[in-house]
Amino acid sequence: MSDLLLLGLIGGLTLLLLLTLLAFAGYSGLLAGVEVSAGSPPIRNVTVAYKFHMGPYGETGRLFTESCSISPKLRSIAVYYDNPHMVPPDKCRCAVGSILSEGEESPSPELIDLYQKFGFKVFSFPAPSHVVTATFPYTTILSIWLATRRVHPALDTYIKERKLCAYPRLEIYQEDQIHFMCPLARQGDFYVPEVKETEWKWRGLVEAIDTQVDGTGADTMSDTSSVSLEVSPGSRETSAATLSPGASSRGWDDGDTRSEHSYSESGASGSSFEELDLEGEGPLGESRLDPETEPLGTTKWPWEPSAPEKGKE
């Protein structure tokens, strides 16, 4: 009789544990719908304190932890420049940090000095007129892991189907929500100086190789040399190692800061803002897209990951 009671107790505790885990996952956003739309940005122009990172996106958790520890009340932000399905993990570039001020407000000199003391740099991002955007609940550390698994594929599908030029990828951690944003214009203004530096270096390397191959010493680039950087597929790594945003995870002119497999290749040329249906208005209340702001001419990159990537995911 005592054995049956013990087995019943163990079974009851196991069931209770499973129900608790399911409730926790549901509270974290497991059942939340992901709705992608085009419209106004979720934030205005911002001044951010950031650190640049080149390497697997899964290693950015420490940067979120560092920026949050300096000023826990500030919103966290990350900008991912490369498509992790196309770029090797050690070549993926991103900027991670905190939003110091938004709109007309200027950050205090004391706050800037505090972040700079810990090695952060200060940069300003504009408020693009229109973006591709989505939101996801931010209630627990599991929310971040779920968001990266669900929102980014939805953004990829939305951008690919409409052949849009939307990049880079921004994540803004604001109160109980994670805002995902992909600018449809002024993309080059979201490139921090370190990213522009790497673009120059890679472009210079291609030009040097082209010059050597030419044999005549003339600096004549072929039609395909500017996009001939060979990279192997990589996958976005995630980790829930720290209790901070991002633990699961992202001079050129304007939009011409795109590497071969950057997020700029999420769409293809040929679409126009007039053909894009706006599902809703953003907080800034803008409802129409201006055809003059469309950056055309980007190269389409494959949507389906290769066999090794599918295996990883």
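Before reading further, recall that the structure is shown in the block above.
Residues numbered from 1 in each chain as written. Predicted model: local features only at pLDDT ≥ 70, side-chain atom pairs only at ≥ 80, totals over all residues. Heavy atoms only, no water.

### A few points about the nonpolar core
Stage number 1. Val132, Phe136, Val151, Leu155 and Phe180 are the most contacted members of the largest nonpolar core, which has 29 residues in total.
Stage number 2. Breaking this core down by element, the ones donating at least two residues are helix 2 (61-70), strand 3 (76-80), strand 4 (93-102), strand 6 (131-137), helix 4 (141-162) and strand 8 (177-183).
Stage number 3. Here this core takes seven residues from helix 4, the largest share from any one element.
Stage number 4. Listed in part, the 21 residues of the second largest apolar core include Ile43, Ile77, Ala95 and Cys165. (Core = buried A, V, L, I, M, F, W, Y, C linked by side-chain atoms within 4.5 Å. Buried < 20%, exposed > 50% of the residue type's maximum accessible area, 1.4 Å probe, protein only. Helix = DSSP H or I, 4+ residues; strand = E, 2+ residues; numbered from the N terminus.)

### A short note on the packing of aromatic side chains
Stage number 1. A full pass over the atoms with the stated rule returns eight aromatic pairs.
Stage number 2. On the basis of an interplanar angle of 75° and a centroid distance of 5.6 Å, the ring pair of Phe64 and Tyr173 is categorised as edge-to-face. One end of the pair, Phe64, is in helix 2; the other, Tyr173, is in strand 7 (residues 169-174), and 109 residues separate them in sequence.
Stage number 3. Here a set of aromatic residues connected by ring pairs shows up, and it is made of Phe64, Tyr138 and Tyr173. (Phe/Tyr/Trp six-rings, centres within 6.5 Å; stacked < 30°, edge-to-face > 60°.)

### Things to note about the pattern of salt bridges
Stage number 1. By the definition in use, this model includes eight salt bridges.
Stage number 2. Among the salt bridges present, the one from Arg44 reaches Glu102, with a minimum N-O distance of 3.8 Å. With a gap of 58 residues between them, Arg44 in the loop between strand 1 (37-39) and strand 2 (46-54) and Glu102 in strand 4 connect regions that are remote in the sequence.
Stage number 3. With relative accessibility at 41%, the residue Arg44 sits in the partly exposed group.
Stage number 4. Relative accessible area serves as the criterion here: at 17%, Glu102 is assigned to the buried category.
Stage number 5. Of the charged contacts in the structure, one is a salt bridge between Asp82 and Arg93, with a shortest N-O distance of 2.7 Å. Taken together, the residues Asp82 in the loop between strand 3 and strand 4 and Arg93 in strand 4 connect sequence positions eleven residues apart. In terms of burial, Asp82 and Arg93 fall into one category: buried.
Stage number 6. Salt bridges linked by common partners bring Arg44, Arg75 and Glu102 together as one network. (Salt bridge = Lys/Arg side-chain N within 4 Å of Asp/Glu carboxyl O.)

### Here's the deal with a nonpolar patch on the surface
Stage number 1. On the surface, Leu4, Leu6, Leu7, Leu9, Ile10, Leu13 and Leu16 cluster together to form a nonpolar patch covering roughly 740 Å² of accessible area.
Stage number 2. Looking at the element boundaries, Leu7 is found in helix 1 (residues 2-28). (Patch = residues over 30% accessible without salt bridge, like charges linked within 9 Å, V, L, I, M, F, W, Y side chains within 5 Å. Areas by Shrake-Rupley, 256 points an atom, 1.4 Å probe, with all protein chains shown as cover.)

### What to know about the pairing of strand 3
Stage number 1. With five of five residues buried, strand 3 is to be regarded as a mostly interior element.
Stage number 2. Residues Ser76, Ala78 and Tyr80 point to one face of strand 3 and Ile77 and Val79 to the other, with burial holding for every one of them.
Stage number 3. With five bridges joining them, strand 3 and strand 4 adopt antiparallel strand pairing. Bridge pairing in strand 4 links Tyr80 to Cys94. (Pairing = 2+ DSSP bridges.)

### Here we look at the side chain of Thr133
Stage number 1. Along the chain, Thr133 turns up in strand 6.
Stage number 2. Polar contacts involving the side chain of Thr133 include one to the main-chain carbonyl oxygen of Phe180, which spans 2.9 Å.
Stage number 3. Beyond its immediate stretch of four places on either side in the chain, Thr133 contacts Glu35, Val36, Ser37, Pro42 and Phe180. (Polar contact = N/O pair within 3.5 Å; in protein donor to acceptor, adjacent residues only side chain to side chain. Contact = heavy atoms within 4.5 Å.)

### Side note on the sheet that holds strand 4
Stage number 1. Spatially, the eight strands line up as an open sheet ordered 1-6-8-7-3-4-2-5, and their pairing is antiparallel. Edge positions in the open sheet fall to strand 1 and strand 5 (121-125), since each of these has one partner strand only. If you compare each strand with its neighbour and ignore which way they point, the axes differ by 30° on average.
Stage number 2. Judged from the five bridges that link them, strand 2 and strand 5 form a sheet pairing that is antiparallel. Across the sheet, Ala49 pairs through a bridge with Val122, a residue of strand 5.
Stage number 3. Strands in contact with helix 4 are strand 1, strand 6, strand 7 and strand 8; relative to strand 6, the strand with the most contacts, it is inclined by about 155°. (Axes fitted to C-alpha atoms, helices over the stretch in contact; angles between N-to-C directions.)

### So, the state of the cysteines
Stage number 1. Counted by the stated rule, this structure contains zero disulfides.
Stage number 2. Counting only cysteine sulfurs, Cys94 is the nearest neighbor of Cys92, a cysteine outside any disulfide, at a range of 8.4 Å.
Stage number 3. Judged by its relative accessible area of 2%, Cys92 falls in the buried class. (Disulfide = S-S within 2.5 Å.)

Any link to function would need more than the numbers given here.
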